Amino acid sequence: MTHTLWGSAHSLYTGKARSYLVKKGLPYRERFPSNPDFAARILPAIGQSSVPVLETEQGEIVQDSGDIIDLLESRHPTPVVDPVAPVQKLVSLLFDAFGSEYLLPAAMHYRWSYREQQEAFLRAEFGRAIVANKTRDERRDTAAKVMAFFNGFLPNLGVFPETIPAIESAYLDLMEALDEHFQWHPYLLGGRPSRGDFGMMAPLFAHLGRDPVPAGIMKAKAPNLFRWTERMNSTPISDGEYPGYAETYAADDAIPETLEAVMCVAFADWLPGLIADADCFNAWAADKEEGAIVSRTGDRQVHPNVGKVEFDWRGVTYRRGSQPHMLWMLAAAQAHYAGMNVEAKARADTVLGRTGGSDIVRLKLDRRMKRQSNILVLSD
């Protein structure tokens, strides 16, 4: 039997789940929400319009790319696509959160701030995801109405004319570091992909590596990074580009030097917003009961916020909605770090100290969260 991945080519988180299925070698078929079955069976099961959704060969329906990976990893431990070595696993979890959440504003900026230059492509992509068996013009017209909704997300992500130069500068710096890393290594941690690679695929494929404007920038400025997006959607682990490179993670739980350079760039830009998010979340959660929906309004939200945050970032004042989902993903890395033995934690501290990640793993959250019925709730 075969799994069904409900998603779309232009969906950020579908790209993460699809890449995992490809590299895991699990048989799957992909279906778009335009298929009538999505509205008839999938939407009632998950309670909200969101992709990706995995329909397992046993008939289970699982929403959220992270939950999909967790479930399938528990059932299919091989081939290995995440390290067990403690420091590498920590770095993998950090990049999963960083890619899946921190890079969302950059991904959405390059899609919507340059909408005019890529309108035809976006209408085609949104159209194919939401309507089937229509003419090209009908599909494009329908897509335009939905696109206006997603275009409206930019202010909540902090994308304004005054912040755009900083967003683009930060992304270009990250691209440069990643391009140098992929000059020497097939994946983040060596010769095999990890959860961190899948997290980074979320923004770096569907939006930044596929939409015409940012894809052109990536190809022109970071061709090794673009090649990695292709590698991540190819079934073999090795693709022949790195002769003699073993299909293993770096030896002795080491972090490649070029990846440490990426971490320096990533952590410096990530930390200010994380601190603001943690302060906002802690204030919001202080008087809430266990089981409360993590949402400022109390409504079900795939990516909720619990208030507005403001912080200094790259010479600008950055204002956006808070991102508790990013904190929830970060908590997985923090829990792994807390559970390390003394020797492994000392080695992790050395790497984090060199790269600016020490404060990130020690960021204090006063309450825990968990996913329940496809949304975040307080768990203690």
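See the structure shown above.
Throughout what follows, the structure given in this document is the object of discussion. (Residues numbered from 1 in each chain as written. Predicted model: local features only at pLDDT ≥ 70, side-chain atom pairs only at ≥ 80, totals over all residues. Heavy atoms only, no water.)

Another aspect to go through is the overall build of the protein chain. Each helix and strand counted, the protein chain has 15 helices and eight strands in total. In summary, the protein chain has a C-alpha radius of gyration of 20 Å against a globular reference of 21 Å for 380 residues, a match within 12%. The buried share of the protein chain, taken over its 380 residues, is 55%. Of all intrachain contacts in the protein chain linking residues separated by at least 6 positions in sequence, the fraction that spans at least 24 positions is 74%. Counting every atom, the protein chain has about 15,600 Å² of accessible surface; 54% of that belongs to carbon and sulfur. Computed over 41 positive and 48 negative side-chain charges, the separation of the two mean positions in the protein chain equals 5 Å. (Helix = DSSP H or I, 4+ residues; strand = E, 2+ residues; numbered from the N terminus. Rg over C-alpha atoms; globule rule 2.2 N^0.38 Å. Buried < 20%, exposed > 50% of the residue type's maximum accessible area, 1.4 Å probe, protein only. Contact = heavy atoms within 4.5 Å. Areas by Shrake-Rupley, 256 points an atom, 1.4 Å probe, with all protein chains shown as cover. Lys, Arg positive; Asp, Glu negative; His and termini not counted. Charge placed at Lys NZ, Arg CZ, Asp CG, Glu CD.)

Before going further, it helps to spend a moment on the environment of Pro 33. Relative to the assigned elements, Pro 33 resides in the loop between strand S2 (28-31) and helix H2 (36-46). Overall, Pro 33 belongs to the partly exposed group, its relative accessible area being 23%. Apart from residues no more than four positions distant in its own chain, Pro 33 is found in contact with Gly 7, Phe 38, Val 51 and Ala 129.

A word on the environment of Ile 42. Its place among the elements puts Ile 42 in helix H2. Residue classification places Ile 42 among the buried positions, given a relative accessible area of 0%. In this structure the C-alpha to C-alpha distance between Ile 42 and Leu 327, which are 285 residues apart in sequence, comes to 28 Å. With residues up to four places along the chain from it excluded, the contact list for Ile 42 reads Trp 6, Asp 37, Val 53, Glu 55 and Ile 61.

So, about the environment of Phe 153. With respect to the helices, strands and loops of the structure, Phe 153 is situated in the loop between helix H7 (136-151) and helix H8 (164-184). Along the backbone, Phe 153 and Thr 297 are 144 residues apart, and their C-alpha atoms lie at a distance of 17 Å.

Summarising the sheet, strand S5 (residues 308-313) and strand S6 (residues 316-321) pair through six bridges and their orientation is antiparallel. Paired with Val 309 across the two strands is Arg 320, which belongs to S6. (Pairing = 2+ DSSP bridges.)

On to the pattern of salt bridges, then. Per the counting criterion, the structure on display carries 35 salt bridges. A salt bridge links Asp 349 to Arg 362; the shortest N-O distance between them is 3.2 Å. Remark: Arg 362 occurs in the loop between helix H15 (358-361) and strand S7 (369-372) and Asp 349 occurs in helix H14 (residues 342-355); sequence separation between them is 13 residues. The partly exposed category is assigned to Asp 349, whose relative accessible area is 25%. One connected set of salt bridges, linked through shared partners, spans Arg 227, Glu 230, Arg 231, Asp 239 and Glu 241. (Salt bridge = Lys/Arg side-chain N within 4 Å of Asp/Glu carboxyl O.)

Turning our eyes to something else, we now look at the packing of aromatic side chains. The full count for this structure, using the stated rule, is 18 aromatic pairs. Look at Phe 149 and Phe 150: their rings are 5.2 Å apart centre to centre, the planes differ by 80 degrees, and that puts the pair in the edge-to-face class. Residue classification places Phe 150 among the partly exposed positions, given a relative accessible area of 29%. Measuring from ring centre to ring centre gives 5.2 Å for Phe 182 and Trp 228, while their planes differ by 15 degrees; the resulting arrangement is stacked. Within this pair, whereas Phe 182 is found in helix H8, its partner Trp 228 is found in helix H11 (residues 223-231), the two being separated by 46 residues in sequence. One aromatic cluster is present, built from ring pairs that chain together Phe 95, Phe 98, Tyr 102, Phe 267 and Trp 270. Between the NZ or CZ atom of Lys 345 and the centre of the ring of Tyr 337, over which it lies, the distance is 5.0 Å. (Phe/Tyr/Trp six-rings, centres within 6.5 Å; stacked < 30°, edge-to-face > 60°. Lys NZ or Arg CZ within 6 Å of the ring centre and 35° of its normal.)

Formed by 106 residues in total, the largest nonpolar core has its most connected members in Leu 94 and Trp 270. For this core, the element with the highest residue contribution is helix H12 (residues 257-285), accounting for 14 residues. If we skip the residues at most four places from it in the chain, Leu 94 touches Phe 267, Trp 270, Leu 330, Ala 333, Leu 352, Ile 360 and Val 361. The next biggest cluster of nonpolar side chains, apart from the first, holds five residues, and it includes Phe 38, Ile 42, Ile 46 and Val 53. (Core = buried A, V, L, I, M, F, W, Y, C linked by side-chain atoms within 4.5 Å.)

We now examine helix H10 (residues 212-221). Of all the positions in H10, only Val 213, Pro 214, Ala 215 and Met 218 are classed as buried. Looking at the packing, one finds that the buried side of H10 touches helix H5 (104-112), H8, helix H9 (195-204) and H11.

Attention now goes to the sheet that holds S2. Read across the sheet, four strands follow the order S2-S1-S3-S4 without closing on themselves; strand pairing throughout is mixed. For this open sheet the edge positions go to S2 and strand S4 (61-63), each flanked by a neighbour on one side alone. Sheet twist, expressed as the average angle between the axes of neighbouring strands with direction ignored, equals 20 degrees. Bridge count for strand S3 (residues 53-55) against S4 is three bridges, and the pairing is antiparallel. (Axes fitted to C-alpha atoms, helices over the stretch in contact; angles between N-to-C directions.)

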